[in-house]
Amino acid sequence: MCIRDRKTLLQFELPESIGKWKLQLLAHAKDLSSALITEEIITKKAMSIRLNRPRFIRAGDSVHFQAVISNESEEKFGATANIQFLDASNETPLDILLDASSQKSVDVPSQQNRKVAWTIVVPEGTKHLMYRLSAKTTDYKDGEEGIIPILSNKSLVTESMPIHLNPGQSKKIHYSKFINSLQDADIKQKSYTLEFSPNPAWYAVQALPYLSQPEHPSSEQIFNQYFANKLAQMIVAANPQIERIYAQWKSSNAEALQSKLQSNQELKSIHIQETPWQQMALDETAQKRKLAALFDRNQNDYLEKEALQKLSAAQLPNGAWSWFKGMRPNRYITQSILCGLGRLVQLKALEEKTPMIQAAISYLDDEMHQAYLKLKEKNRADEHRLNGLEIQYLYCRSYFGETPIKQHEAFQFYINKAQLQWTDANLQDKASVALGFKRLYGDADISHKILNSLIDHALLDEDEGMYWKANKGYSWKRSQIEVQALMIELFEQMEAKQDYIDGLKKFLLKNKQTHVWESNASTAAACYALLMKGKFLSTVSKTKISVGGQSVSKQSQTEAGSGYLKKTWGPGEIKAALGEVVVDHGGNTSAWGALHWQYEQASNMVEASSHGPLILEKSIYKVTVVNNKEVLEPIAGKESMLGDRLRIQLKVKTERDFEFIHLKDERAAAFEPTAVLSGYQWKEGLGYYFSSKDASTHFFIDYLPKGIYLLSYDVWLTQQGHFRSGLSNIQSQYAPEFNAHSAAPEIKVLAP
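Here's what I pulled together on the structure shown here. (Residues numbered from 1 in each chain as written. Predicted model: local features only at pLDDT ≥ 70, side-chain atom pairs only at ≥ 80, totals over all residues. Heavy atoms only, no water.)

### Overview of the overall build of the protein
Along its length, the protein carries 16 helices and 37 strands. The contacts of the protein with a sequence gap of at least 6 include a subset with a gap of at least 24, amounting to 73%. Counting every atom, the protein has about 36000 Å² of accessible surface; 49% of that belongs to carbon and sulfur. (Helix = DSSP H or I, 4+ residues; strand = E, 2+ residues; numbered from the N terminus. Contact = heavy atoms within 4.5 Å. Areas by Shrake-Rupley, 256 points an atom, 1.4 Å probe, with all protein chains shown as cover.)

Here it is, written out as structure tokens:
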């Protein structure tokens, strides 16, 4: 800066960037007078060239690259543009231009723009494409250089064949699609994996620590802590080798102590760290590692006594429990705790004459008597309809046959109402009435009527087991897990057909296969139902498995205790014989597993999966607005125009309920999403977390109920050419054997 003749000359160099700059000058004198000058400076080039480049391109795409030459000068000029493509890893020139020349000449009027374009075919085997773009006139020149990622047109595909076996069942599996693929030169084999769980009841054992660590000091959670320790005592007493088995798990850092969200990462479509469920996975892993406290006899005894003391201290003088300390007596909480104590009495883990139990029974008997007197006082006894709380009382009271009923008239009133009104009750209340009458009156006729009615309305499925369509939703009296556990208890005590009992347990275990049990009440009920008969939990696998005629089920190859088996064959070991699998399941519980086949194939040649409980279909529509309404027009087999708005529609069909579902849609290079912000969304009756990445769009679904759903998002067509999209994949992150993929449609984009 220099000053001459009271004028200031300010010289500075601007960065090489086109834009607008603000210049502020402040001058002040000794007398503190001042002046401020603010000016805006626009930097521009007389001639510039800019390439409209995509975020990425896919091998095999035919891309029409467009560049814009701008003339900011006062005169028209003729410009010559040139482009060069190189392999970014070593800067080797690539001969991929379809044009006769890499040079394009164009006249650009003053203050206007003109386009130049080149067409290329994206090469296979190159990971990053470097371009060098330049333009020059007699007076000016400009250029730019950049790198565009190239995605392979080949997709890693995971095909899974779930395996389900009933107790004592044998099954021969002929994996024809895998066997036939070995004759296809376009398919590159990657891996072949067998996994099998011969005794899934161990998953219930691994859920026990959830009960033993109360998050809040409520009376119900304190009881669940006591209940978990009592169950663990019984399991260890019946299976002393469990302590040794857990020690093996711990010393070998076994996968049994990992969350299902963390295991089998090589078979999943996304790493757990890239999902919203990482913390949940860590929490479940930490929960499983707390099994040590339950299976350590000394520590278990201490924790059980501590929980019993807390439970006894929380009981109020009238025999009731409140939800939290300091609250009023709560009849529902008291009945829930007393039902749990009744289960322990039935398992002979607790004495019925325990003062705590007797006090709670007395409180509930008095409450029911007072309610009956109020009905009589208001002359409403005849018209009264039993509610769930009253039916729960009858069910709960039936556990304690040795304790005399204090108020016979009131009790008989509710018994008579139950006999008359059970047909109008929901599933849980029907089962509660049947169990109550069975325990109170032995081989009661009404119990058989209810049992037969439940059997008539049940659904029997070879893979899913026995369940009821009406057993959906969640409330304190309609939790799916608790209802299913109650049905197991009823069918066991009514000595129903073993096939029914096995089917009921199978459905409950299949739920655990794809769900985290996060409810204290559900976990307690499920563990009781599955473990109340000790034979259901085996520590020795009786399952024999052969693959390609070779046995793979030796004890040394399986996980201690649970018998879980996982074996993987690499590319050099894969042969047609592996498609022949024989499973001879000698256990007394249902079992499951899966064959996972991973291969690599060009995306446009991959066929959509069409079997299994998950089906995924991908469709693309052009969006137009007619009379202020959106109209969707399928573009399959048609050409689209640059600037069109498209809707990617993903149709999901599921035959069962799932948790932790990840859906990934790989976009074409010409697609630019209209919505780029991630966040939770609720559409079409489904909630999910939406995330848009450079080359793909992701949907993370916490809970996917059985049914058909449409997920969609919109894109703009920003590139001209012929493009290949990738696959759309959907997979359970808790049970990766449940997955599906769509085909990969192609799209041709023309200039408007």
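Continuing now.
### Brief notes about the sheet that holds strand 29 (residues 671–673)
Pairing is antiparallel across the open sheet formed by five strands, whose spatial order is 25-24-27-33-29. The sheet is open, and its two edges are formed by strand 25 (629–634) and strand 29, each paired on a single side. Here the average twist between neighbouring strands, direction ignored, is 45°. In terms of strand pairing, strand 27 (residues 645–654) meets strand 33 (residues 707–717) through 10 bridges, oriented antiparallel. (Pairing = 2+ DSSP bridges. Axes fitted to C-alpha atoms, helices over the stretch in contact; angles between N-to-C directions.)

### Some words on the nonpolar core
With 86 residues, the main nonpolar core has Leu-338, Leu-341, Trp-468, Leu-490 and Phe-491 as its most contacted residues. Among the elements that take part in this core, helix 9 (residues 355–377) stands out by supplying nine residues, more than any other. Counting residues in hydrophobic clusters, the runner-up holds 62 residues, among them Ala-81, Leu-129, Leu-704 and Phe-723. (Core = buried A, V, L, I, M, F, W, Y, C linked by side-chain atoms within 4.5 Å. Buried < 20%, exposed > 50% of the residue type's maximum accessible area, 1.4 Å probe, protein only.)

### Remarks on a negative patch on the surface
On the surface, Asp-461, Glu-462, Asp-463 and Glu-655 cluster together into a patch of negative charge. Tracing the backbone shows Asp-463 in the loop between strand 17 (459–461) and strand 18 (465–467). (Patch = residues over 30% accessible without salt bridge, like charges linked within 9 Å, V, L, I, M, F, W, Y side chains within 5 Å. Salt bridge = Lys/Arg side-chain N within 4 Å of Asp/Glu carboxyl O. Lys, Arg positive; Asp, Glu negative; His and termini not counted. Charge placed at Lys NZ, Arg CZ, Asp CG, Glu CD.)

### What to know about the packing of helix 13 (residues 445–457) against helix 14 (residues 480–493)
Following both chains from N to C, one finds helix 13 and helix 14 inclined at 125°, their axes separated by 11 Å at the closest point. Relative to helix 14, the element helix 13 lies oblique. Helix-helix and strand crossings are classified by hand; for helix 13 and helix 14 the assignment is left-handed. Here Leu-451, Leu-454 and Ile-455 of helix 13 lie close against helix 14, whose contacting residues are Met-487, Leu-490 and Phe-491. Looking at side-chain class alone, the contact of helix 13 with helix 14 contains six nonpolar, no polar and no charged residues. (Parallel < 35°, antiparallel > 145°, perpendicular 65-115°, else oblique. Left-handed = near helix turned anticlockwise from the far one by under 90°. Nonpolar A, V, L, I, M, F, W, Y, C, P; charged D, E, K, R; others polar.)

### Remarks on helix 3 (residues 219–238)
With 20 residues, helix 3 should reach 28 Å at 1.5 Å per residue; the first-to-last C-alpha distance of 29 Å fits that figure. Most of helix 3 sits inside the fold, with 15 of its 20 residues counted as buried. (Expected span 1.5 Å × (residues − 1).)

### Looking at the pairing of strand 25
Looking along a regular strand, one sees side chains alternate from face to face of the sheet. Examined bridge by bridge, strand 24 (residues 614–626) and strand 25 share six bridges and lie antiparallel to one another. Bridged to Lys-622 within strand 25 is Glu-633. Joining the antiparallel neighbours strand 24 and strand 25 is a turn of two residues, in which Asn-627 adopts a positive phi near 55°.

### Quick word on the pattern of salt bridges
Any two side chains of opposite charge can pair, given that their charged atoms come close. If you walk through the whole model with that rule in mind, you get 26 salt bridges. The salt bridge involving Lys-230 is made with Glu-304; its shortest N-O contact spans 3.9 Å. Of this pair, Lys-230 sits in helix 3 while Glu-304 sits in helix 7 (residues 297–314), and the two are 74 residues apart along the sequence. Of the residues examined, Lys-230 reaches a relative accessible area of 12% and is grouped as buried. Salt bridges linked by common partners bring Glu-630, Arg-645, Arg-647 and Asp-714 together as one network.

### Focus: helix 12 (residues 427–441)
Taking 1.5 Å of rise per residue, 15 residues should cover 21 Å, and helix 12 covers 21 Å from first to last C-alpha, within 8% of that figure. For helix 12, a buried count of 12 out of 15 residues is recorded, marking the element as mostly surrounded by other parts of the structure. Within helix 12, the full set of buried residues consists of Leu-427, Gln-428, Asp-429, Lys-430, Ala-431, Ser-432, Val-433, Ala-434, Leu-435, Gly-436, Phe-437 and Arg-439. For helix 12, the secondary structure elements touched by its buried residues are helix 8 (331–346), helix 10 (388–397), helix 11 (408–421), helix 13 and helix 14. Regarding helix 12, its N-cap is Asn-426, as a side-chain oxygen of that residue lies 3.1 Å from the backbone nitrogen of Gln-428 further along. Once helix 12 finishes, Gly-442 follows within two positions and takes phi at roughly 75°, a positive value. (Polar contact = N/O pair within 3.5 Å; in protein donor to acceptor, adjacent residues only side chain to side chain.)

### Examining the pairing of strand 3 (residues 19–28)
Burial within strand 3 is sparse, with just zero of its 10 residues counted as buried. Strand direction decides the pairing type here: strand 3 and strand 4 (residues 34–43), joined by 10 bridges, are antiparallel. When the sheet's bridge partners are listed, Leu-25 is paired in strand 4 with Ile-37. Where strand 3 folds back on strand 4, the antiparallel hairpin that results is connected by five residues, among which Leu-32 adopts a positive phi of roughly 70°.

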